[in-house]
Amino acid sequence: MSSQILRSASRAARSLLSASKSSRFYSEGRAVAAAAAVSLGGKVPLLASAYGRTGPTNASRGWLSGVFALPVAAYMLQEQEAHAAEMERTFIAIKPDGVQRGLISEIISRFERKGFKLVAIKILVPSKEFAQQHYDDLKERPFFSGLCEFLSSGPVVAMVWEGEGVIKYGRKLIGATDPQKSEPGTIRGDLAVVVGRNIIHGSDGPETAKNEINLWFKPQELVSYTSNAEKWIYGVN
């Protein structure tokens, strides 16, 4: 019997998760009730009757601690996946000048202190051909060759950061392309002087982020995990 309930609850959970991808308007009670109804074939005790005014009755205590835990877990899984779906990922690269100046930890700490999560990182020296792929959208510009030569002139720290609004706000953390026009407090505003040595690159939009992540990283190099700090960063009161 317990194995049948487990399988039914699992199917219910998957059904809910599938539904949640098309709508975010499921309330907690509705999600739990739906999962419970499927797992018990529609025979679900009312929560109000299962709980007395001061707590669960003896008759309902076993049901609450056993079967009801499954739909609750299903709802929590639904919420976790929905929350993950709201997260963005962006590509950030510390250029050769940033690496040579010893600014790796400074730059990483700014993203960490904001609350963004590092999900991929590696250091490499890109070939000029690879740099040309990265700057492909600028190939018609007169400075294209110089950009590619510089990016391939030394080690680059390539990273993928995750968080709500990380693409747009990551650009704010970085500052304007020209450090002279970057606000104090931004990475370029504080740490760079001229546009030709502006120490860092960040994706400028969702499509660019997707393309740059795919160019610099293999899928298996990206890590998915829940940070212990997320409840303090994204918690809802």
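All values derive from a computational prediction rather than experimental measurement.

**Quick look at the nonpolar core**
Considering soluble globular proteins, one finds that nonpolar side chains tend to be buried as a cluster.
Here is step 1: By size, the foremost hydrophobic cluster in this structure holds 20 residues, and its most contacted members are Ile107, Phe111, Trp161 and Ile200.
Here is step 2: Those elements that provide at least two residues to this core are β1 (88–94), α7 (104–114), β3 (156–163), α10 (166–174) and α11 (187–191).
Here is step 3: Considering each element in turn, this core owes the most residues, four residues, to α10.
Here is step 4: Aside from chain neighbours lying at most four places away, what touches isoleucine 200 is Ile92, Ala93, Lys95, Ile107, Phe111, Ile174, Ile187 and Arg188.
Here is step 5: By size, the runner-up hydrophobic cluster in this structure holds 17 residues, among which are Phe91, Val119, Leu151 and Val160.

**A closer look at the environment of glycine 196**
Here is step 1: With respect to the helices and strands, glycine 196 occurs in the loop between α11 and β4 (200–202).
Here is step 2: You can call glycine 196 partly exposed: its relative accessible area is 38%.

**A look at the layout of surface pockets**
Here is step 1: Volume-wise, the largest pocket comes out at about 730 Å³.
Here is step 2: What lines the largest pocket is a set of 29 residues, among which Tyr135, Asp137, Leu138, Leu147 and His201 lie closest to the centre.
Here is step 3: For the lining of the largest pocket, the secondary structure elements donating two or more residues are α8 (128–134), α9 (144–151), β4 and α12 (206–216).
Here is step 4: A total of four residues in the lining of the largest pocket trace back to one element, the largest contributor, which is α12.
Here is step 5: A per-class count over the lining of the largest pocket returns nine nonpolar, twelve polar and eight charged.

**Focus: the sheet that holds β1**
Here is step 1: Strand order in the open sheet formed by four strands is β2-β3-β1-β4, with antiparallel pairing between adjacent strands. Single-partner strands in this sheet number two, and they are β2 (117–124) and β4. Ignoring strand direction, the axes of neighbouring strands in this sheet form an average angle of 15°.
Here is step 2: As paired strands, β1 and β3 are joined by seven bridges and run antiparallel to one another. By the bridge assignment, isoleucine 94 is partnered in β3 with valine 157.
Here is step 3: Where α7 meets the sheet, its contacts fall on β1, β2, β3 and β4, and the angle it forms with β3 comes to roughly 5°.

Parameters at a glance
- Residues numbered from 1 in each chain as written.
- Predicted model: local features only at pLDDT ≥ 70, side-chain atom pairs only at ≥ 80, totals over all residues.
- Heavy atoms only, no water.
- Core = buried A, V, L, I, M, F, W, Y, C linked by side-chain atoms within 4.5 Å.
- Buried < 20%, exposed > 50% of the residue type's maximum accessible area, 1.4 Å probe, protein only.
- Helix = DSSP H or I, 4+ residues; strand = E, 2+ residues; numbered from the N terminus.
- Contact = heavy atoms within 4.5 Å.
- 1 Å grid on protein atoms, 1.4 Å probe; cavity = no way out; pocket = protein on both sides within 12 Å on 5 of 7 lines; lining within 4 Å.
- Points joined across faces, edges and corners; volume = space filled by probe spheres on them.
- Nonpolar A, V, L, I, M, F, W, Y, C, P; charged D, E, K, R; others polar.
- Pairing = 2+ DSSP bridges.
- Axes fitted to C-alpha atoms, helices over the stretch in contact; angles between N-to-C directions.

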